[in-house]
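Letter by letter, the chains look like this.
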Amino acid sequence: MLNKVFRPRSWRWSQCRYLLLGIPLTGCLALADAELPENFAELSDDVQSVILEFMFFPDRANKVWGRDLAVSGVRSLVKYLDNYHTQVRIDFDAGTIHIENRGSKTPLQALTHAIEATLLTPADPAAVDLRTAADFGLTGTPFLAGKVKDHDGQLIEYSWRARRYAEYLVANQLQQESNRYWVSIPMVQEFQQVSAQQYGTLVQQAAIRYSVPAPLILAIIETESSFNPFAVSPSGAYGLMQVMSRTAGKDVYEKIYQRSGSPGRDVLLRPEQNIDIGTAYLSILRDRYLRDIQGTEKQLYCMIASYNGGAGNLYKTFHSDREKAVARINAMSASQVYRTILSSHPSQESRNYLKKVSAAQARYGGGT
């Protein structure tokens with residue numbers, strides 16, 4: 001996978017990892033000096049591609065942004081325009097959009113264009129090139145439709161209104177410091193609910209197809225990606241439900257789709273495919289790996305924890321022997337199973353994950 005023309009030098013992998021997580025660098029002088037992880041050759045093609053994309057991010061981007069250089073993360077979208085002089089950052093957790101221009105010959109014009117383009121960003125991740133400073137592909141329904149209101153309190157869904165709002169922001173809410181020009185745009189307060197409605201039909205279809213509660217699917221999407229359809233993690237998880245190609249994706253291909261192989265990045269970044277595969281994997285957890293667990297509520301808690309940390313770690317929470325773990329789970333009440341996972345699961349991340357998903361599921365109308 002690694003082309004021989006790449007000659008990485010000394011930039012530390014830990015710093016590259018910060019970039020992959022969407023965290024701005026503090027103190028990195030150049031992206032050209034990079035060091036591949038020791039197990040690079042063993043990683044999947046998709047994960048290798050993600051690493052190479054960001055380790056060899058163009059030098060001109062680094063020259064413009066320096067310590068403030070950032071790339072997209074699981075809950076954030078970062079896009080560069082205007083030959084890397086304009087940076088667009090969308091925070092899906094906070095519901096904020098920050099658009100900034102540095103060093104452009106025509107900063108106000110570039111900023112106006114970037115605001116308009118951001119508001120009209122297509123909902124299809126395949127139409128947006130996050131790897132270069134190429135312009136947005138302005139096609140189809142914007143994924144921010146219903147999530148941003150203009151200065152008149154009107155939702156922005158059409159190009160004329162996006163252009164008008166961009167001009168208003170630059171004229172009235174522009175902030176400047178030296179050669180920096182930026183504007184910040186809040187999403188509507190209920191942006192998470194709007195996002196849930198945006199994918200509602202796909203979620204309902206998957207819920208019916210695999211007999212998985214729709215509130216659970218929505219809760220997992222919110223917890224995994226905050227409804228960011230562009231989500232890519234450094235571990236190789238993709239899309240709304242953060243599906244791992246070589247594990248969950250492979251399982252679904254073989255056990256549900258009855259085909260060999262595993263879904264690639266392009267497949268998993270399509271919302272309809274991602275939601276179907278993620279939901280299918282939940283059904284595999286329920287019907288295969290956790291099939292001996294008795295009680296719908298107990299099984300649901302175990303599914304949630306297993307989606308994050310795997311069925312093996314879920315069983316280890318209760319006993320090192322799987323059969324004894326099942327027996328112990330079946331002897332417990334649902335609330336006891338929940339509390340045991342929160343107190344004894346090997347992974348703190350999985351403990352927190354169960355709490356977050358359970359709380360989100362309740363908000364979407366599902367009880368746990």
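Quick summary incoming for the structure in this document. (Residues numbered from 1 in each chain as written. Predicted model: local features only at pLDDT ≥ 70, side-chain atom pairs only at ≥ 80, totals over all residues. Heavy atoms only, no water.)

## Focus on the pairing of strand β3 (residues 96-102)
Turning to step 1, where the next piece is worked out: Burial within β3 is extensive, with six of its seven residues counted as buried.
Turning to step 2, where the next piece is worked out: Sheet analysis places strand β2 (residues 86-91) next to β3, joined by six bridges and oriented antiparallel. Within β3, the residue paired with Gln-87 across the bridge is Glu-100.
Turning to step 3, where the next piece is worked out: In this structure, the hairpin formed by β2 and β3 is closed by a connection of four residues, where Gly-95 is found at a positive phi of approximately 75°.
Turning to step 4, where the next piece is worked out: In the sheet, β3 pairs with strand β5 (residues 180-186) via seven bridges, with the strands oriented antiparallel. The residue of β5 that forms the bridge with Ile-99 is Val-183. (Buried < 20%, exposed > 50% of the residue type's maximum accessible area, 1.4 Å probe, protein only. Helix = DSSP H or I, 4+ residues; strand = E, 2+ residues; numbered from the N terminus. Pairing = 2+ DSSP bridges.)

## Remarks on helix α12 (residues 296-309)
Since the α-helix advances by 3.6 residues per turn, residues separated by three or four positions end up pointing in the same direction.
Turning to step 1, where the next piece is worked out: Taking 1.5 Å of rise per residue, 14 residues should cover 20 Å, and α12 covers 20 Å from first to last C-alpha, within 8% of that figure.
Turning to step 2, where the next piece is worked out: In terms of burial, α12 is largely enclosed, as 10 of its 14 residues are buried.
Turning to step 3, where the next piece is worked out: Buried residues of α12: Lys-298, Gln-299, Leu-300, Tyr-301, Cys-302, Met-303, Ile-304, Ala-305, Ser-306 and Tyr-307, and no others.
Turning to step 4, where the next piece is worked out: Directly after α12, the chain includes Gly-310, whose backbone phi takes a positive value near 90°. (Expected span 1.5 Å × (residues − 1).)

## With respect to the nonpolar core
The nonpolar side chains of a soluble globular protein tend to be buried with one another.
Turning to step 1, where the next piece is worked out: Leu-216, Ile-217, Leu-282, Leu-290, Tyr-307, Leu-314 and Tyr-315 are the most contacted members of the largest nonpolar core, which has 58 residues in total.
Turning to step 2, where the next piece is worked out: The residues touching Tyr-315, leaving out its near neighbours within four places in the chain, are Tyr-289, Leu-290, Ile-293, Arg-322, Ala-325, Val-326 and Ile-329.
Turning to step 3, where the next piece is worked out: Within the second largest apolar cluster, 30 residues are counted, among which are Leu-81, Val-88, Val-194 and Phe-230. (Core = buried A, V, L, I, M, F, W, Y, C linked by side-chain atoms within 4.5 Å. Contact = heavy atoms within 4.5 Å.)

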